[in-house]
Amino acid sequence: MMADWFSPAQCVGYVAFVLGVGSFLQTSDRRFKLFMAGECLAYVVHFALLGNPTAVASSTMSMLRSLLALRTRSVWVMVAVIAANLVLGVALAKQPSDWLPLAASCLGTYALFQLQGIPMRLVMLCGTCLWIANNVIAGSIGGTALEVVVAAVNLSTIWRMVRRDNAAQTA
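Caption draft 1: Expanded view of the pattern of salt bridges. As enumerated under the stated definition, the model contains 2 salt bridges in all. Between R121 and D29 there is a salt bridge whose closest N-O contact spans 2.9 Å. Residue R121 is found in helix α6 (residues 117-138), and its partner D29 is found in helix α2 (residues 29-50); the two are separated by 92 residues along the sequence. Like D29, R121 is buried. Across the pair D165 and R164 runs a salt bridge, and its minimum N-O distance is 3.5 Å.

Right under this line is the structure:
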């Protein structure tokens, strides 16, 4: 089946693309989380229009966790968000690939609540790889493009942060 590049679902996917790239360009953890919440909201709409309920559930949880992670680093909040993702997976997953966005959301939750800086971004990169696989399977043009570019931008930002940290240590 050929996807319609300009359907409402794909157009919202392109909005998620812009917000996602903006998120991973940030070296500030706070701005990173704010942009990510916006990306996740666009993803909720995108995957709802594509008819992918596990990705909708995962994106909703990812949006909530990004907003919660702005306020707290509580292990209990993190565990509750991961547990909610697992419950959603049991309730909604029909095939093994349905677990990809849920696993990505669990990794992202751990990263946002327990890690900072470069380690946070490295774990998010693992989640990005799971989202790439999900989006290819779901037929999400904007989502696949987003995650491939996000992986590249994230790697570039990690490299910039490593160089910045090395320059600060040498100075």
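Caption draft 2: Structural view of the state of the cysteines. According to the stated counting rule, one finds 0 disulfides in the structure shown. In this model C40 remains outside any disulfide bridge; the closest cysteine sulfur is found in C106, 13 Å from its own.

Caption draft 3: Spatial organisation of α2. With 22 residues, α2 should cover 32 Å at 1.5 Å per step; its first-to-last C-alpha distance of 31 Å lies within 8% of that length. By the burial criterion, the buried members of α2 are D29, F32, K33, M36, A37, E39, C40, A42, Y43, V44, H46 and F47.

Caption draft 4: The side chain of S59, seen in detail. Positionally, S59 belongs in helix α3 (residues 53-71). Accessibility expressed as a relative area gives 1% for S59, which makes it buried.

Rules behind the numbers
- Residues numbered from 1 in each chain as written.
- Predicted model: local features only at pLDDT ≥ 70, side-chain atom pairs only at ≥ 80, totals over all residues.
- Heavy atoms only, no water.
- Salt bridge = Lys/Arg side-chain N within 4 Å of Asp/Glu carboxyl O.
- Helix = DSSP H or I, 4+ residues; strand = E, 2+ residues; numbered from the N terminus.
- Buried < 20%, exposed > 50% of the residue type's maximum accessible area, 1.4 Å probe, protein only.
- Disulfide = S-S within 2.5 Å.
- Expected span 1.5 Å × (residues − 1).

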